[in-house]
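Report on the structure
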Amino acid sequence: MRVVIVGVVATATTDLWTLVLRRLGRPTLDYALLGRWIGHWREGRWRHDAIHAAAPVGHERLLGWCAHYAIGIAMAGMLVAMTGSGWLRQPTPGAALGFGVVSVLLPFLVMQPAFGAGIAAARLPRPWPARLQSLATHAVFGLGLFVGGRISVVFPF
């Protein structure tokens, strides 16, 4: 249960960061596109030239948001698996932030290529701003992991 709390808090922290980015006029991932990507798996389609151009799937927004939180929880579980359950008793910011930064490999090597943007957004017209924003977002996720870890210590379930 504590891993779930850590994952939900970390993912929600990322969502708050995303709201800030949107208010600043920065483009961010629409989780409906994540749901669209997942929805096409049952057809055996894992990669798209442009996910925006792929046919919509039923309930893609709900599917994308559920997947977003499930991934956050799974990543919190990976952090605890890598650091040991002692991290849940005494969360450290270094482990959480380090894990968050390294977790940027997931969008760089899986999601961006599958969505048609190439490895680390290489096919985008301006890949470096997208890369830096992804890195910053995953650092914020790492901060959220630490905050979630601290919350799970103060309010153990």
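Here is a short report on the structure shown in this document. The model shown is predicted, which means the values in this text are computed figures rather than measured ones.

With respect to the helices and strands, glycine 98 occurs in helix H5 (residues 93–102). With a relative accessible area of 32%, glycine 98 lands in the partly exposed category. Residues glycine 98 and glycine 35, 63 residues apart in the sequence, show an inter-C-alpha distance of 28 Å.

Further remarks concern helix H3 (residues 60–83). For H3, built from 24 residues, the straight-helix expectation of 34 Å at 1.5 Å per residue is met to within 8% by its first-to-last C-alpha distance of 34 Å. Buried within H3 we find Glu60, Gly64, Ala67, His68, Gly72, Met75, Ala76, Leu79 and Val80.

A few words on a nonpolar patch on the surface. On the surface, a cluster of nonpolar side chains totalling about 490 Å² of accessible area is made up of Leu97, Leu143, Val147, Ile151, Val154 and Phe155. For the nonpolar patch, the element with the most residues is helix H7 (residues 127–154), which contributes 4 residues. As for its position among the elements, phenylalanine 155 is in the segment after H7.

Bringing the pattern of salt bridges into the picture now. Tallying each qualifying case throughout the model produces 3 salt bridges. Residue arginine 36 pairs with glutamate 60 through a salt bridge whose shortest N-O separation is 2.7 Å. Placement of arginine 36 in helix H2 (residues 31–39) and of glutamate 60 in helix H3 is noted, with a sequence separation of 24 residues between them. Glutamate 60 matches arginine 36 in its accessibility class, with the two residues each being buried. Note that aspartate 49 is salt-bridged to arginine 47, the shortest N-O span being 3.1 Å.

Time to look at the packing of H5 against H7. The packing of two helices is summarised by the inter-axis angle and the distance between the axes. For the pair H5 and H7, the least separation of the axes is 7 Å and the interaxial angle reads 150°. Regarding the angle of H5 to H7, the classification is roughly antiparallel. With respect to the hand of their crossing, H5 and H7 are arranged in right-handed fashion. Listed contacts from H7 to Pro93, Ala96, Leu97, Phe99, Gly100 and Val101 of H5 are Leu135, His138, Ala139, Phe141, Gly142, Leu143, Leu145 and Phe146.

Another aspect to go through is the packing of helix H1 (residues 2–23) against H7. In contact at an axis separation of 7 Å, H1 and H7 are set at 140° when each is read in the N-to-C sense. With respect to each other, H1 and H7 are oriented oblique. Viewed along their axes, H1 and H7 form a crossing whose handedness is right-handed. Classifying every residue of the contact of H1 with H7 gives 13 nonpolar, 9 polar and 1 charged.

All right, on to the packing of aromatic side chains then. To describe a pair of aromatic rings, you give the distance between the ring centres and the angle between the ring planes. Inspection of every chain in the model, using the stated rule, returns 5 aromatic pairs. Residues tyrosine 31 and tryptophan 65 carry aromatic rings whose centres are separated by 4.8 Å and whose planes lie at 65° to one another, so their mutual orientation is edge-to-face. Of this pair, tyrosine 31 sits in helix H2 while tryptophan 65 sits in helix H3; the two residues are 34 residues apart in sequence, bridging distant segments of the chain. Using a relative accessible area of 8% as the deciding quantity, one classes tyrosine 31 as buried. Between tryptophan 37 and phenylalanine 115, the aromatic rings sit 5.5 Å apart at their centres with planes inclined by 70°, giving edge-to-face as the arrangement. Taken together, the residues tryptophan 37 in helix H2 and phenylalanine 115 in helix H6 (residues 105–115) connect sequence positions 78 residues apart. Residue tryptophan 37 is classed as buried on the basis of its relative accessible area, which comes to 7%. Sitting above the plane of the tryptophan 128 ring, arginine 131 keeps its charged end 4.7 Å from the centroid.

The rules we used
Residues numbered from 1 in each chain as written. Predicted model: local features only at pLDDT ≥ 70, side-chain atom pairs only at ≥ 80, totals over all residues. Heavy atoms only, no water. Helix = DSSP H or I, 4+ residues; strand = E, 2+ residues; numbered from the N terminus. Buried < 20%, exposed > 50% of the residue type's maximum accessible area, 1.4 Å probe, protein only. Expected span 1.5 Å × (residues − 1). Patch = residues over 30% accessible without salt bridge, like charges linked within 9 Å, V, L, I, M, F, W, Y side chains within 5 Å. Areas by Shrake-Rupley, 256 points an atom, 1.4 Å probe, with all protein chains shown as cover. Salt bridge = Lys/Arg side-chain N within 4 Å of Asp/Glu carboxyl O. Axes fitted to C-alpha atoms, helices over the stretch in contact; angles between N-to-C directions. Parallel < 35°, antiparallel > 145°, perpendicular 65-115°, else oblique. Left-handed = near helix turned anticlockwise from the far one by under 90°. Contact = heavy atoms within 4.5 Å. Nonpolar A, V, L, I, M, F, W, Y, C, P; charged D, E, K, R; others polar. Phe/Tyr/Trp six-rings, centres within 6.5 Å; stacked < 30°, edge-to-face > 60°. Lys NZ or Arg CZ within 6 Å of the ring centre and 35° of its normal.

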